[in-house]
Amino acid sequence: MTEQRILSADEKQKRQKRQKQREQRQEQRQEQRQEQQQEQQGEQGEQEQQKGQDGSGRKTAQRTMTLACLLVFMAQMATTIYLPSLPIVAHDFGMSRSYAALSISVFVIGAAAPVILWGVAADRYGRRGPLLASLALFVLTSVLIAVFRSPEALLVLRAFQGIGAGGSAIIARILVRDRWSGDELARRLSVLSIAFITAMGGGQFLGGLIGRYAHWETGFVVLAAVGSVAAALTFTVPFESGRAVQRPAEVLRICLTISRQPAFLLPALAGGAGFATIVMLQEVSPFVFQQHFGLATDTYGSLGLLLGAAYFAGAMTVNRRVARTGAGRLMTAGSVIMTASGVLMIVLWSLDGLPSTVALVAFVALYCVTTFGQSVLFPNSMATAVSSRPGHGAYAVSLCGFLQQSMAGVAAASAALLHRDLAWAGVAAALGAAAWLLTRVATTRVAAPSEGK
């Protein structure tokens, strides 16, 4: 009788073990099917683009790019339209320079913190619902910032505005990743860079005019209007539907698996170092130009057009050369340019007795060169990173965005404390050097297997 019980217990354990193995195999098959579907969708998108097909496919691609560009434009403009008025905001609220700069830092940190959650939501519920939620949060906070006048409310609302902007921007890149991959993805991301450029140059220029002829809150009314237009456009684009619900443990496993791959991690971090450099320069530049060099608010805003032209030149370089040169080489070139520019900034601020006009022209030129380098580095780094994971595109894009936004957030928080020009120039040079080292290792790792074959 005892032996029968023991045998019964053993059989029960064996059945449980077999059942668990069957469940694991089912999960693996489901994951493989999802990856195959994503690969097929990416291949179909590339084939459609290569054939230049007419009809609904091309219209859908155009609408997708229009919406994605507007979302990126909106998210970047939330910073640039506000930059020229930053010293005015500090004066209105009686803030210190560091406290006023925190309104940039908390926005960037807010954009970074929930990026992975936005990606998970986009994968689980489909793209439209999470995108509309992020836009609603962005529009609401923009209106509230224009209404409430207290330094505490400004910081809190800017953080929540960053959460909405970060969700919209990352889903915009997921939409592009859904349709394209590889060098074509890099080319499409360079088109998003043109939207980034427009917001960088045009937003700063408009912000300068607002600072001179209106009040800084007007900029947030403009942002609310742009967000509302983007929300309306979401109903003109067909989105990918949600997938089977992934357990939190499974989501964590996927993210850890992706992050442990050097082919993903190295270019993602390189792009993050470049992005951190630009965010830091954006945060310190209003005080450098308006307080150090004594430029008027609208004059500083006009400099945004030069920066936009520099970014546009870099984006067009990527758009035209990536198919022949490759994303890896362009990524390296962009990081080298940023490193050299950072070193020259250190030299500039180390020279005593340099005429103010000469120093101003030199700084503007180096700022534009740095911007050009970033516009070459960034789309290639993201395309290289997310293309290394054919499956789980939303997770890869979200994790890449999280890493890069987090690095930018740390740089922005540090910039609020770096008041000396030589100090932040040293950090900019270090970030550029870090981007170059990361791209160097990443491209070497890619080349090694190819040579082995």
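For the structure itself, consult the block above.
The rules we used
Residues numbered from 1 in each chain as written. Predicted model: local features only at pLDDT ≥ 70, side-chain atom pairs only at ≥ 80, totals over all residues. Heavy atoms only, no water. Helix = DSSP H or I, 4+ residues; strand = E, 2+ residues; numbered from the N terminus. Buried < 20%, exposed > 50% of the residue type's maximum accessible area, 1.4 Å probe, protein only. Contact = heavy atoms within 4.5 Å. Areas by Shrake-Rupley, 256 points an atom, 1.4 Å probe, with all protein chains shown as cover. Phe/Tyr/Trp six-rings, centres within 6.5 Å; stacked < 30°, edge-to-face > 60°. Lys NZ or Arg CZ within 6 Å of the ring centre and 35° of its normal. Salt bridge = Lys/Arg side-chain N within 4 Å of Asp/Glu carboxyl O. Expected span 1.5 Å × (residues − 1). Arc of directions from axis to C-beta. 1 Å grid on protein atoms, 1.4 Å probe; cavity = no way out; pocket = protein on both sides within 12 Å on 5 of 7 lines; lining within 4 Å. Points joined across faces, edges and corners; volume = space filled by probe spheres on them. Core = buried A, V, L, I, M, F, W, Y, C linked by side-chain atoms within 4.5 Å. Patch = residues over 30% accessible without salt bridge, like charges linked within 9 Å, V, L, I, M, F, W, Y side chains within 5 Å. Axes fitted to C-alpha atoms, helices over the stretch in contact; angles between N-to-C directions. Parallel < 35°, antiparallel > 145°, perpendicular 65-115°, else oblique. Left-handed = near helix turned anticlockwise from the far one by under 90°. Nonpolar A, V, L, I, M, F, W, Y, C, P; charged D, E, K, R; others polar.

### A short note on the overall build of the protein
Right, so step 1: Helix and strand counts for the protein come out as 16 helices and zero strands.
Right, so step 2: Looking at the protein as a whole, 52% of its 453 residues are labelled buried.
Right, so step 3: Restricting the contact set of the protein to residue pairs at least 6 apart, pairs at least 24 apart contribute 88%.
Right, so step 4: Total accessible area on the protein stands at roughly 19,700 Å², and carbon and sulfur atoms take up 60% of it.

### Regarding the packing of aromatic side chains
Right, so step 1: Tallying each qualifying case throughout the model produces 13 aromatic pairs.
Right, so step 2: Ring centres of Phe293 and Trp349 lie 6.2 Å apart, and the angle between their planes is 35 degrees; on these two criteria the pair is classed as tilted. Of the two residues, Phe293 sits in the loop between α11 (262–292) and α12 (297–325) while Trp349 sits in helix α13 (residues 327–350), which places them 56 residues apart along the sequence. Comparing Phe293 with Trp349, the two get one shared label, buried.
Right, so step 3: Through pairs of rings, three or more aromatic residues link up here, namely Phe289, Phe293, Tyr300, Trp349, Phe363, Tyr367 and Trp424.
Right, so step 4: Across from the ring centre of Tyr82, 4.7 Å away, lies the NZ or CZ of Arg158, which sits over that ring.

### Focus: the pattern of salt bridges
Right, so step 1: All chains considered together, the criterion is met by four salt bridges.
Right, so step 2: Where Arg212 meets Asp298, a salt bridge forms, and the shortest distance between an N and an O atom there is 3.5 Å. Here Arg212 is found in helix α8 (residues 182–213), whereas its partner Asp298 is found in helix α12, with 86 residues between them in sequence.
Right, so step 3: On the basis of relative accessibility, which here comes to 48%, the residue Arg212 falls in the partly exposed class.

### Considerations on helix α7 (residues 151–179)
Residues three or four positions apart in an α-helix share a direction because the helix packs 3.6 residues into each turn.
Right, so step 1: When the terminal C-alpha atoms of α7 are compared, their 43 Å separation across 29 residues agrees well with the 42 Å that a helix rising 1.5 Å per residue should span.
Right, so step 2: Among the 29 residues that make up α7, 23 are buried, leaving the element largely enclosed by the rest of the structure.

### Describing helix α9 (residues 218–233)
Right, so step 1: Look at α9: 23 Å from first C-alpha to last across 16 residues, which is about the 22 Å you get at 1.5 Å a residue.
Right, so step 2: Restricting attention to buried positions, one finds in α9 the residues Gly219, Phe220, Leu223, Ala224, Val226, Gly227 and Ala230. Along α9, the residues classed as buried sweep out an arc of 165 degrees about the axis, all on the same side.

### Considerations on empty space enclosed by the protein
Right, so step 1: Tallied over the full model, the rule gives five cavities of 30 Å³ or more.
Right, so step 2: Looking at the largest cavity, its volume works out to about 460 Å³.
Right, so step 3: Lining the largest cavity are 29 residues, and of these Ala169, Arg173, Phe196, Phe275 and Gln405 lie nearest its centre.
Right, so step 4: Of all the secondary-structure elements, those providing two or more residues to the lining of the largest cavity are α2 (56–80), α4 (97–112), α7, α8, α11, α14 (356–387) and α15 (393–415).
Right, so step 5: Considering every element that reaches the lining of the largest cavity, the biggest residue donor is α7, with five residues.

### Quick notes on the environment of Ile116
Right, so step 1: Mapping Ile116 onto the fold places it in helix α5 (residues 115–125).
Right, so step 2: For Ile116, the residues in contact, after removing those within four places along its chain, are Cys255, Ser398, Leu399 and Phe402.

### Re the nonpolar core
Right, so step 1: Of all hydrophobic cores here, the largest spans 117 residues; its most connected members are Phe264, Phe289, Phe363 and Trp424.
Right, so step 2: It is α2 that provides the largest number of residues to this core, a total of 13 residues.
Right, so step 3: Met331, Met338, Leu377 and Ala435 belong to the second largest nonpolar core, which has five residues in total.

### Side note on a nonpolar patch on the surface
Right, so step 1: A cluster of nonpolar residues, Val343, Leu344, Val347, Leu351, Leu354 and Val358, forms a patch on the protein surface that exposes about 480 Å² of accessible area.
Right, so step 2: With three residues, α13 is the single largest residue contributor to the nonpolar patch.
Right, so step 3: Along the chain, the position of Val343 falls in helix α13.

### A few points about the packing of α11 against α12
Right, so step 1: Between α11 and α12, the least distance of the axes is 10 Å, while the angle of their chain directions is 135 degrees. In this view, α11 runs oblique relative to α12, as classed from their interaxial angle. When the axes of α11 and α12 are compared, the crossing they make is right-handed. Where α11 approaches α12, its residues Gln282, Ser285, Pro286, Phe289 and Gln290 are matched on the opposing element by Thr297, Tyr300 and Leu303.
Right, so step 2: A breakdown of the residues in the contact of α11 with α12 according to their chemical character gives four nonpolar, four polar and no charged.

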